[in-house]
Amino acid sequence: MKRTLVALALCALPAATFAQNVVCHACDHVAPYFRGEGGFIATVAEGADEVVFVASCGNVSITGEVATGGGTVAQLFTWRNGLACDADDGSLEIAGVEDGGWYWITDDMNSAVGSLVSKDILDNETTDITSAGEAVSMTMGQGAVFLKEARTGRVGILPNILPEAPAPEPAKCGYNDRGSSGTSATATADQANARYTRRVTDCALGDGGTITLATTTNSFTGATTMVADKATLVRPAGTAEAVVTIDLWGNHSGFFTTAANGHALLGQPSVATSELRGIARLTGVTYTATRGSGPRAEDAGTAGAGITMDTTTTANVVTFTIVDDDAYCSDDNNHPVTVSVTALMADAASAAQTTPSRTRATSGTVGRVGATSFTVVCP
């Protein structure tokens with residue numbers, strides 16, 4: 001251990017003036033009560049090159065460095081090594097350790113153990129430790145009280161800065177569902193009797209991200225099934241057809257409808273596969289798509305490979321109708337076809353229909369707000 005003794009009783013200046021100059025700016029943990037002999041043990045903080053301490057007692061401060069081999073450090077404070085303290089104003093500050101370190105103070109007959117604490121909490125409100133009367137003395141430290149029972153010599157270190165329960169995370173901004181107290185699902189958010197109302201206060205805003213949602217209908221159950229990005233879809237045989245529907249939603253981070261008369265559900269992904277999909281999908285959205293990949297990829301707007309793209313039947317939606325095609329799937333052919341879809345918002349006003357605005361690309365494909373793809377494979 002390297003040590004530096006700093007004698008503070010020099011000249012005619014008060015000792016406190018000198019003590020204020022012995023400052024460990026990097027020290028972020030303290031022993032909340034420090035007097036007598038003892039020691040500490042702690043885990044070296046990730047990325048720390050050294051563990052150093054400042055032990056102050058009266059008008060003398062001693063700085064030291066502890067060897068950090070093995071990831072754990074320990075240091076004794078004894079009369080023999082000059083680090084023990086016999087004053088009530090002793091203090092111990094440490095730099096380079098993680099939370100979870102602890103220390104001990106050895107009194108005449110017994111030892112007390114306490115936690116090293118972060119300096120950040122020392123300004124927090126303290127609580128009064130219940131008094132046991134004259135039989136137990138109580139000495140205040142920094143964030144802890146040292147207790148000693150006179151008859152037995154038992155000692156203890158009790159924190160008087162109590163842990164606080166973490167504050168609950170705020171709800172995500174979005175919408176409130178009033179259930180049966182409201183009216184129809186299509187009522188606008190500014191109507192007092194609307195079932196769904198905007199949640200705009202005491203809530204957390206998200207990052208403006210989007211979800212480009214692709215779904216199809218299960219041919220056996222009739223249920224709406226999500227088609228994940230880069231998923232495969234089996235081409236139907238015979239006269240059957242499969243339809244993939246794609247629209248745009250906000251991601252699951254918080255946001256709300258900006259316009260006072262906009263529907264509270266606008267863009268909310270929690271209703272994306274429900275009967276409310278038609279009124280809740282984001283608007284002002286157009287789509288482009290390519291069929292195939294690499295240099296041979298072509299505009300999917302022209303029917304081909306048994307895949308027909310439709311962007312006109314329903315606004316803000318693109319659909320792909322997929323049927324059998326002998327040129328791609330037959331006894332002699334087995335060719336997969338990838339369809340790549342890009343969602344666009346041409347102007348900032350469309351993106352600003354929610355708060356925060358949807359994030360639009362400003363380079364490359366300008367106005368891009370999302371993308372997805374799927375590959376049609378043979379049965």
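See the structure printed just above.
Residues numbered from 1 in each chain as written. Predicted model: local features only at pLDDT ≥ 70, side-chain atom pairs only at ≥ 80, totals over all residues. Heavy atoms only, no water.

(A) Region of the structure containing the pairing of strand β29 (residues 368–377). For β29, a buried count of 7 out of 10 residues is recorded, marking the element as mostly surrounded by other parts of the structure. Bridge count between strand β20 (residues 231–234) and β29: 4 bridges; the pairing is parallel. Within the sheet, the bridge partner assigned to T232 lies in β29 and is T375. As paired strands, strand β27 (residues 337–344) and β29 are joined by 8 bridges and run antiparallel to one another. Each residue of the ladder has a partner; that of T342, found in β29, is A371. (Buried < 20%, exposed > 50% of the residue type's maximum accessible area, 1.4 Å probe, protein only. Helix = DSSP H or I, 4+ residues; strand = E, 2+ residues; numbered from the N terminus. Pairing = 2+ DSSP bridges.)

(B) Representation of empty space enclosed by the protein. Tallied over the full model, the rule gives 1 cavity of 30 Å³ or more. Taken as a whole, the largest cavity encloses approximately 30 Å³ of empty space. Around the largest cavity, the lining residues are F34, E37, G38, G39, F40, F77, L92, Y103, W104 and I105. Of all the elements in the fold, those that place two or more residues in the lining of the largest cavity are β3 (37–43) and β8 (102–106). At 4 residues, the largest contribution of residues to the lining of the largest cavity is made by β3. The class makeup of the residues in the lining of the largest cavity is 7 nonpolar, 2 polar and 1 charged. (1 Å grid on protein atoms, 1.4 Å probe; cavity = no way out; pocket = protein on both sides within 12 Å on 5 of 7 lines; lining within 4 Å. Points joined across faces, edges and corners; volume = space filled by probe spheres on them. Nonpolar A, V, L, I, M, F, W, Y, C, P; charged D, E, K, R; others polar.)

(C) Spatial organisation of the sheet that holds β20. Spatial ordering of the open sheet is given by β20-β29-β27-β23-β24, a layout of 5 strands whose pairing is mixed. Looking at the sheet topology across the chains shown, the edges are occupied by β20 and β24 (298–299). By the bridge criterion, 6 bridges tie strand β23 (residues 286–291) to β27 in an arrangement that is antiparallel. Bridge pairing in β27 places T286 opposite L344.

(D) The arrangement of the environment of N81 in detail. With respect to the helices, strands and loops of the structure, N81 is situated in the loop between β6 (72–77) and β7 (91–95). A polar contact of 3.0 Å, which involves the side chain of N81, links it to the backbone nitrogen of L83. (Polar contact = N/O pair within 3.5 Å; in protein donor to acceptor, adjacent residues only side chain to side chain.)

(E) Region of the structure containing unusual backbone geometry. Omega for the peptide link from T355 to P356 comes to -5 degrees, which places this bond in the cis form. Counting through the fold element by element, P356 comes out in the loop between β28 (354–355) and β29. Even without glycine at this site, N316 takes up a positive phi of about 70 degrees. Along the polypeptide, N316 turns up in the loop between β25 (307–310) and β26 (318–322).

(F) Molecular detail of the pattern of salt bridges. Applying the stated criterion across every chain, the model contains 10 salt bridges. In this structure, K148 engages D108 in a salt bridge whose closest nitrogen and oxygen atoms are separated by 3.4 Å. Remark: D108 occurs in the loop between β8 and β9 (111–115) and K148 occurs in strand β12 (residues 144–149); sequence separation between them is 40 residues. A residue is classified by how much of its surface remains accessible, and D108, at 70% relative accessible area, is exposed. (Salt bridge = Lys/Arg side-chain N within 4 Å of Asp/Glu carboxyl O.)

(G) Molecular detail of the sheet that holds strand β13 (residues 155–159). In spatial order, the strands read β11-β12-β13; together these 3 strands make up an open sheet with antiparallel pairing. In this open sheet, the two strands that pair with only one neighbour each are β11 (136–140) and β13. Averaged over all pairs of adjacent strands, the angle between strand axes in this sheet comes to 25 degrees, irrespective of strand direction. Across 5 bridges, the pairing between β12 and β13 is antiparallel. Paired with K148 across the strands is V155, a residue of β13. (Axes fitted to C-alpha atoms, helices over the stretch in contact; angles between N-to-C directions.)

(H) Expanded view of the layout of surface pockets. By volume, the largest pocket amounts to about 340 Å³. As for the largest pocket, its lining consists of 16 residues, of which T216, T217, N218, S219 and L233 are closest to the centre. At the level of secondary structure, the elements contributing two or more residues to the lining of the largest pocket comprise β18 (210–217), β19 (224–226), β20 and β21 (242–250). With 3 residues, β20 is the largest single contributor of residues to the lining of the largest pocket. Considering only residue class, the lining of the largest pocket consists of 9 nonpolar, 6 polar and 1 charged.

(I) The packing of aromatic side chains, seen in detail. Counting across every chain of the model gives 7 aromatic pairs. Measuring from ring centre to ring centre gives 4.6 Å for Y33 and F146, while their planes differ by 10 degrees; the resulting arrangement is stacked. Of this pair, Y33 sits in the loop between β2 (29–31) and β3 while F146 is found in strand β12, placing the two residues 113 residues apart along the sequence. With a relative accessible area of 7%, Y33 lands in the buried category. The class for F146 is buried, based on a relative accessible area of 6%. Arranged with centres 5.9 Å apart and planes meeting at 35 degrees, the rings of F40 and F77 form a pair that is tilted. On the criterion of sequence distance, the pair formed by F40 in strand β3 and F77 in strand β6 is long-range, its members being 37 residues apart. For F40, a relative accessible area of 0% corresponds to the buried category. (Phe/Tyr/Trp six-rings, centres within 6.5 Å; stacked < 30°, edge-to-face > 60°.)

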